[in-house]
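Chain residues, written in single-letter form:
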Amino acid sequence: MTATASDPRDKNVLLICPEFPYSYWSFKEPFRLLGIKTMNPPLGLLTVAALLPPNWNLRLVDENVRKITQADWDFCDMVMLTAMVVQEDEAAALIREAKQRGKTVVVGGPHASSVPKVMLDAGADIVVKGEAETAMAPLLKALDRGETGIIVEETHKPDMSLSPIPRWDLIDIWDYGNMSVQTSRGCPFDCEFCDIVSLFGRKPRYKTPEQFIAELETLYQLGHRGSVFICDDNFIGNKQNTKALLEALIPWMESRGKPFGFICQASVNLGQEPELVDLMTEACIGDVFIGIETPDEDSLRLTNKIQNIRIPMAENLDYLIRNGLSILGSFIVGLEGEKPGATQRLCSFVEEMDITIAMINLLTALPNTRLYERLNKEGRLKSVTKITDTQMGHMNLIPDRPEEEIVAEYFYAIDYLYEPSRLMARAYRNLMKLRPTRAALAKARGEEPKPMPVPRALPPLKRQIKDMKLVLTIFWRHGIAAKYRGQFWRQLINVRRKNPSRLRRYFIFLGYAESLYDFRRQAKQWKKLRGLET
Ligand code: SF4
């Protein structure tokens, strides 16, 4: 039976995040090992929830955690869903189902903002193009007037101080590997393949330090301890603002017993900012995701990734690792202007730089990017190829060298870089380079540990049991069952001897590695399907 709201304008809203297809971000088996259902919560949807009228009844289903039930459908009279480009099919299926069930359907998020017409054609009543903080008022008016078949467009980029604390209370935080926060939107760079600039602009907009801390405090009060992903596309887009956030974060972390460890995304020029690097490690940021793309300067120039050329990239990456930041590197195979053998150079670069976690992607033309526009004009877009098929070796563009050559190199890189023994050797070399933790360095200098207002926060028992299970699984898989178990034990003993404060990171690397081994197995299947198996 459909629930009835008391005021005719009140609504019972089902917020939905569709399931992600298989990708670097949605590994089922590693998640099972970690005792989680998925990695990151749907932060955009949680922010939208906080902007909706307080008298509306909300329920959130993240289909990466659980499926929608009959009770969920019965509860709602309106569905609001978000989608990224890779979730297009799942979102379209949900729109159709919701419409068949007689619900009002509103769609927003990055994909709706990029290609609103596609979501409208899928049957949505209202598609929102723009950011929720400013688009909410016109959306509510349109709903009040009962309008359907429309695009609510708000091109004004909102001040981030308007952004509310996300409604994390609508999810079970235990289902997720990380909690996510966003401190800024926009990026000052303009890489040709990236849609961030068209979505959020080139002038980064920041939340205030007070907002940032209030969000962390909310997560702390909800019981979260452990990993927090700062999901800004470029955390150092405006260095003054980043510094202000870090200067607020450091004392807050100390006042709460350092309950979180952070992962962020940043451009490689971070290696030119020793003060920021120092503040970041002091604030417990341990991992940085960096778009390295390729070591080939010609391709970087053609794709306008100038920040990776202006400075000696290898030197910068080396500086970051030696100063305590682990790098998750993202690479692209098939960039314009690429010469044959580019992937060999890419693999050698990853090995030389000891980048343990390297993500390999095929060049993809995303809607609303300068690359897409250019290739469209040149008649080089393949409309039949879905973006989700790209990782399986199907390019959605006609590249400037033979596609078979590029795709074969892409599969080669995955096979080569994720070979377990090679990946473990890289992890070990990385740990020998990574400087000890700040606490270990201070101890070595004979300094007394810095007093903290409260003792270091231990994770709740549930988390400690999960972590212990993960460590035991890693011991079993890598130290007993694996062919390379000798290497595992030798490396473990040497890390313990030579850089003991980084022993924990050895296990973190091996936890990440499970995902990459899984991807390598999957890629072998895709290669077969693509007819490239020899
Ligand atoms: S630096 Fe990163 S976020 Fe910024 S435009 Fe380039 S790819 Fe996009």
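Structural data are supplied above this passage.
Residues numbered from 1 in each chain as written. Predicted model: local features only at pLDDT ≥ 70, side-chain atom pairs only at ≥ 80, totals over all residues. Heavy atoms only, no water.

### Regarding the sheet that holds strand β4 (residues 104-108)
Item 1. The sheet built from six strands is open, its strands ordered β2-β1-β3-β4-β5-β6 with parallel pairing. Of all strands in the sheet, those bounded by a partner on one side alone are β2 (57-62) and β6 (150-154). Strand-to-strand, the axes of this sheet are offset by a mean angle of 20 degrees, without reference to chain direction.
Item 2. Pairing of strand β5 (residues 126-130) with β6, which is carried by five bridges, proceeds in the parallel orientation. Bridging from a neighbouring strand, I126 pairs with I150 of β6.
Item 3. Here helix α2 (residues 43-51) sits on the sheet in contact with β1 (12-17), β2 and β3 (78-82), set at roughly 160 degrees to β1.
Item 4. Each of β3, β4, β5 and β6 touches helix α7 (residues 132-144); the most contacted strand, β6, lies at about 145 degrees to it. (Pairing = 2+ DSSP bridges. Helix = DSSP H or I, 4+ residues; strand = E, 2+ residues; numbered from the N terminus. Axes fitted to C-alpha atoms, helices over the stretch in contact; angles between N-to-C directions. Contact = heavy atoms within 4.5 Å.)

### Quick look at the nonpolar core
Item 1. In terms of nonpolar packing, the biggest core is built from 134 residues, with L15, L216, L270, L317 and I360 touching the most fellow members.
Item 2. Of the residues forming this core, the biggest block, ten residues, is contributed by helix α21 (residues 503-529).
Item 3. Apart from the residues lying within four places of it in its own chain, the contact partners of L317 are V268, I290, I292, I327, F349, M353 and I355.
Item 4. Counting 23 residues, the second-largest nonpolar core is a separate cluster that includes I16, F75, V105 and A124. (Core = buried A, V, L, I, M, F, W, Y, C linked by side-chain atoms within 4.5 Å. Buried < 20%, exposed > 50% of the residue type's maximum accessible area, 1.4 Å probe, protein only.)

### Regarding the environment of R380
Item 1. Positionally, R380 belongs in the loop between α15 (370-377) and α16 (403-417).
Item 2. Note: C-alpha distance between R380 and I398 (18 residues apart in sequence) is 5.0 Å.
Item 3. If near-sequence neighbours (up to four positions away) are discounted, R380 is found in contact with E336, R374, L375, N396, L397, I398, P399 and D400.
Item 4. A distance of 2.8 Å separates the side chain of R380 from the side chain of E378, its partner in a polar contact. (Polar contact = N/O pair within 3.5 Å; in protein donor to acceptor, adjacent residues only side chain to side chain.)

Keep in mind these numbers describe shape, not what the thing actually does.
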